[in-house]
Amino acid sequence: MSRMIRLRNALTTRNLPTDIWLIVAALALAGLGWVMVSSASIGLLEDSYHYSRQHGVFLLLAICACFFMLCVPLEAWRQNAALILLVSIFMLLLVLIIGQEVNGSKRWIALPGPLPSLQVSEFGKIGLIFYMAAFMSRFTYDLRDRAFSMWRPLAVLAVPAGLLFLAPDFGGMVVYTVCVIGMLMMSGASLTLLFGSGGALAAGAVMLVVMEPYRLARWTSFLDPWADQFATGYQLTQSLIAFGRGHVTGTGLGNSVQKLHYLPEAHTDFIFAVIAEELGMVGAIVVVLLFTLFIVRAMLIGRRAELAGHLFGAYVSYGIGFVIAAQAYINMAMSAGLLPTKGLTLPLISYGGSSLLVTGLMIGLLLRVDAETRHKPRRLPTPSKSRFEPRLS
């Protein structure tokens, strides 16, 4: 028992100015991502280091975004949460009108000059988290004592989710839904209604799959990719070949064969397969453990903030934790053949400016929540206009 106590004291961040383990996990994932993007993109263009340089620029922008969010008080985001959500919804609507269509989906808005395209759904996550956190921090008692009050955030979720359906961006819909359902669960909403809503959403997802032939083809190819390995099952079979070639220790950094125009989107959606091929099972497990550490620290930051009475920061942390967890799990499970293929990047690792920038914003928010929890005194109860608003002790 004393040994466990000493180990806990050695690993705790209680006496530190920030959550060092969150920073370690984020830096390790970002560093590994830059190395793997450089490796996976060699040979795709005449300039072998084009994607590596671009990814480095995106990382610098993500670091700047992180410091920006770290410097802005959470109260500023809470007061403007509804406006930020409206801007996000407007951008999701705008992308349907003027967005670039890639592989049958409108997800990007082209920026002028040499600037990269903007993936609107990534930035929409921030607006959704802010609004849900502001709502849940204000109506905590409603969500816990009045079971059907949870329909309001679900109704708000339906708007961006519907716009993503029109894009179509089925993977983004799943991430948005997991985020809101997870935040409602952490707020103490009725689990019975949450499970019922989850079942209804799952039934709706099945209907969406059946209605569209391309989605049905993706689902059937996921169940048996080798049945049509040169058409609908091509991506998954090539990804599984990469996993098989990696064995335990991998073929070595830079020695992937599948990235040489066999595996589509090797530096973005299927970068986890390249990691498994070059670094083997050991490298894949390390990535899973790093994401686990990141998500656990995000949840612990949220829990400490909740106990200290910083409810808005707590729900922001929970929302970020669920978004990263959902996106990382879906991407890695997709590469391993556990889920149908979806156009979702692996946070902090895959190539992509919008994804890296938004993840940098999220890390900055987590660090801000942690800083306010550590350095601000416990909040005292304040008069409330509604008897259902939280009264904190």
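About the thresholds
In this numbering scheme, every chain counts its residues from 1 along its sequence in written order. Predicted model: local features are reported for residues with pLDDT of at least 70 only, side-chain atom pairs are reported and counted for 80 or more only, and whole-chain, interface and lining totals are derived from all residues. Heavy atoms from the whole structure form the basis of all side-chain values; hydrogens and water molecules are not counted. Where helices and strands are cited, they refer to DSSP runs of H or I of at least four residues and of E of at least two residues respectively, numbered from the N terminus. Based on C-alpha atoms, the radius of gyration is set beside the globule rule, defined as 2.2 Å times the residue count to the power 0.38. Only protein chains enter the accessibility calculation, which uses a 1.4 Å probe. A residue is then buried if its area is under 20% of the maximum for its type, exposed if over 50%, and partly exposed in between. Working rule for contacts: check all heavy atoms of both residues, and any pair within 4.5 Å makes them a contact. For the area figures, the Shrake-Rupley method with a 1.4 Å probe applies, and any residue is considered shielded solely by the protein chains shown. Aromatic rings from Phe, Tyr and Trp, taking only the six-membered ring of Trp, are treated as a pair when their centres fall within 6.5 Å; an angle between ring planes under 30 degrees marks them as stacked, one over 60 as edge-to-face, and anything in between as tilted. The criterion is simple. A nonpolar core is a set of buried Ala, Val, Leu, Ile, Met, Phe, Trp, Tyr and Cys residues joined through side-chain atoms within 4.5 Å. At least two DSSP bridges between two strands are needed for those strands to be called paired. With axes taken as lines fitted to C-alpha atoms, and helix axes fitted only over the stretch in contact, angles between N-to-C directions fall between 0 and 180 degrees. The term polar contact refers here to a pair of N or O atoms within 3.5 Å; inside protein, the definition further demands a hydrogen-donor-capable atom paired with an acceptor-capable atom, and it admits residues adjacent in sequence only when both atoms are side-chain atoms.

K.L.:
I'd like a rundown of the overall build of the protein, residues and numbers included.
P.N.:
Secondary structure summary: the protein contains 15 helices and three strands in total. Against the compact-globule benchmark of 21 Å for 393 residues, the protein has a radius of gyration of 21 Å, which places it among compact chains. Considering only C-alpha atoms, the protein reaches an extent of 65 × 55 × 50 Å along its principal axes. When the 393 residues of the protein are sorted by exposure, 50% land in the buried category. If you take every contact in the protein between residues at least 6 apart in sequence, the share linking residues at least 24 apart comes to 72%. Surface exposure of the protein reaches about 18,600 Å², of which carbon and sulfur atoms provide 69%.

K.L.:
Outline the packing of aromatic side chains, listing residues and values.
P.N.:
What the rule picks out here adds up to eight aromatic pairs. Consider the rings of Trp-77 and Phe-130, whose centres lie 5.3 Å apart with planes at 10°: the pair is stacked. Remark: Phe-130 occurs in helix α6 (residues 120–138) and Trp-77 occurs in helix α4 (residues 74–79); sequence separation between them is 53 residues. Overall, Trp-77 belongs to the buried group, its relative accessible area being 16%.

K.L.:
Outline the nonpolar core, listing residues and values.
P.N.:
Ranked by internal contacts, the top residues of the largest apolar core, which has 104 residues, are Phe-130, Met-132, Leu-184, Phe-291 and Leu-365. If we skip the residues at most four places from it in the chain, Met-132 touches Pro-153, Val-156, Leu-157, Val-180 and Met-183.

K.L.:
Can you break down unusual backbone geometry residue by residue, with the values?
P.N.:
With an omega of -10°, the peptide bond between Ala-167 and Pro-168 qualifies as cis. Along the chain, Pro-168 turns up in the loop between α8 (151–166) and α9 (170–187). Located in the positive-phi region is Leu-348, a residue other than glycine, with phi close to 70°. Exposure remark for Leu-348: the relative accessible area of 7% places this residue in the buried category.

K.L.:
Describe the sheet that holds strand β2 (residues 105–109), naming the residues involved and giving the relevant values.
P.N.:
Across a sheet, strands are paired by hydrogen bonds formed along the backbone, either parallel or antiparallel in direction. Pairing in this open sheet of three strands is antiparallel, and the strands run β1-β2-β3 from one edge to the other. Both edges of this open sheet fall to β1 (100–102) and β3 (118–119), since each of them pairs with a single strand only. Of the strands in this sheet, β1, β2 and β3 are in contact with helix α5 (residues 81–98), which crosses β2 at around 110°.

K.L.:
Would you mind going over the side chain of Lys-125 in detail, with residue names and values included?
P.N.:
Positionally, Lys-125 belongs in helix α6. For Lys-125, a relative accessible area of 6% translates into the label buried. Within the local environment of Lys-125, its side chain forms a polar contact with the side chain of Glu-122, the two groups lying 3.0 Å apart. What Lys-125 contacts, discounting residues up to four positions off in sequence, is Val-175, Tyr-176, Val-323, Gln-327 and Met-362.

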